[in-house]
Amino acid sequence: MADRPVRILITNDDGVAAPGIRWLAHAARGAGHEVVVAAPEREASGMSAALSAVTDQGRVVITRPTPPGLEDIVAYGVAASPAYIAVLAGLGVFGPAPRLVLSGINRGANAGHAILHSGTVGAALTAANQGLSALAVSLDVLTPAAATSATGGAAVAALDTADDEVRNWPAAADFAIGLLPWLLDAPAGTVLNLNVPDLPADRIAGLRPATLAPFGQVQMAVAERGEGYVRTTVEASEPHPAPGTDLGWLAEGYAAVTAVRPPAPDPGVTLPPAL
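As the structure is a computational prediction, the values presented were derived from the model and not from experiment.

## Description of the packing of aromatic side chains
Then, in step 1: All chains considered together, the criterion is met by 2 aromatic pairs.
Then, in step 2: Summarising the aromatic geometry, the rings of W249 and Y254 are spaced 5.0 Å apart at their centres and angled 75° between planes, so their arrangement reads as edge-to-face.
Then, in step 3: The positively charged end of R64 is found above the aromatic ring belonging to Y76, 4.8 Å away from the centroid.
Then, in step 4: Stacked on the ring of W249, the Lys or Arg R208 has its end atom at 5.8 Å from the ring centre.

Listed below in structure tokens is the structure:
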């Protein structure tokens, strides 16, 4: 791709110091592209496409941190949601507006219809609203190598004690960069959502186009309720994901890519002529 380099914004919802963004930024630059990193200064997971920011006298706070591994790449820490950062990038806040937006590499799959709530995917969809093509990329840290998605709450809790630095970020970055030639040739505003198993590249079965699973990898459940409070937990959504869906392919050891788009009118619904 060095023969047609473009300017790329790299963002995420795990925060500017997260390891996934570092691997994605270096992979994009290694492919010959001009890279700028702008990401939340702190974790902003689950923000969807929210346009929220921390301001000081009406000014969005932007810093120039030097996270480990990003010392040689221009990086901004922004007190804002990933979608807000995508808007700012399109307005030229971090230099010339990018040609592409790469969001990730997220710590955990963003799959199924639950992508509605993902800050990683929200940034990509917001970029598309500005006419930019975008790729959201996530590493499936829940699905074990035995190829099952029946992880449950215990596996979710174990993420808090895992060493994220030893995960297979390079494999996810390679799959992402491999999609860029196709994305550059696609119509402006195209959005891809990529999920990659947390496996070495030589153990990933391949890349498959996928539909969205009916649910996400996990879903919320009520663990306890009482007078004036409720406590929620997350549980595995389904032990046997449907074949051909993003979760189905992940369970079989494949990376999965799905084309998604921002909200649009539904021509299949006929409304009454007057309300």
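Back to the write-up after that little detour.
## Points about the sheet that holds strand β2 (residues 34-40)
Then, in step 1: As summarised here, the arrangement of the 9 strands in space is β5-β6-β2-β1-β7-β8-β9-β13-β10, forming an open sheet in which the pairing is mixed. The outermost strands of the open sheet, each flanked by one partner alone, are β5 (62-63) and β10 (207-209).
Then, in step 2: Those strands touched by helix α3 (residues 119-129) are β1 (7-11), β7 (100-107), β8 (133-140), β9 (191-197) and β13 (255-260), and its axis lies near 170° from that of β8.

## Side note on the layout of surface pockets
Then, in step 1: Of the volumes computed, that of the second largest pocket is approximately 300 Å³.
Then, in step 2: L116, L125, R261, P262 and P263 are, among the 15 residues lining the second largest pocket, the residues nearest its centre.
Then, in step 3: Secondary-structure elements contributing two or more residues to the lining of the second largest pocket are α3 and β13.
Then, in step 4: Broken down by element, the lining of the second largest pocket gets its largest block of residues, 4 residues, from α3.
Then, in step 5: Partitioned by chemical class, the residues of the lining of the second largest pocket number 9 nonpolar, 5 polar and 1 charged.

## So, the pairing of β8
Then, in step 1: Extensive coverage of β8 is indicated by the burial of 8 of its 8 residues.
Then, in step 2: Burial along β8 is two-sided: S133, L135, V137 and L139 facing one way and A134, A136, S138 and D140 facing the other are all buried.
Then, in step 3: Pairing geometry for β7 and β8, over 6 bridges, is parallel. Its bridge partner being in β8, S103 is matched across the sheet by A136.

## Some thoughts on the side chain of T258
Then, in step 1: Within the element layout of this structure, T258 appears in strand β13.
Then, in step 2: A polar contact is formed between the side chain of T258 and the backbone oxygen of A210, at a distance of 2.9 Å.
Then, in step 3: Those residues within four positions of T258 in sequence are excluded, and the remaining contacts are V191, L192, N193, A210, T211, L212 and D246.

How each quantity is defined
- Residues numbered from 1 in each chain as written.
- Predicted model: local features only at pLDDT ≥ 70, side-chain atom pairs only at ≥ 80, totals over all residues.
- Heavy atoms only, no water.
- Phe/Tyr/Trp six-rings, centres within 6.5 Å; stacked < 30°, edge-to-face > 60°.
- Lys NZ or Arg CZ within 6 Å of the ring centre and 35° of its normal.
- Pairing = 2+ DSSP bridges.
- Helix = DSSP H or I, 4+ residues; strand = E, 2+ residues; numbered from the N terminus.
- Contact = heavy atoms within 4.5 Å.
- Axes fitted to C-alpha atoms, helices over the stretch in contact; angles between N-to-C directions.
- 1 Å grid on protein atoms, 1.4 Å probe; cavity = no way out; pocket = protein on both sides within 12 Å on 5 of 7 lines; lining within 4 Å.
- Points joined across faces, edges and corners; volume = space filled by probe spheres on them.
- Nonpolar A, V, L, I, M, F, W, Y, C, P; charged D, E, K, R; others polar.
- Buried < 20%, exposed > 50% of the residue type's maximum accessible area, 1.4 Å probe, protein only.
- Polar contact = N/O pair within 3.5 Å; in protein donor to acceptor, adjacent residues only side chain to side chain.

Just distances and angles here, no functional claims.
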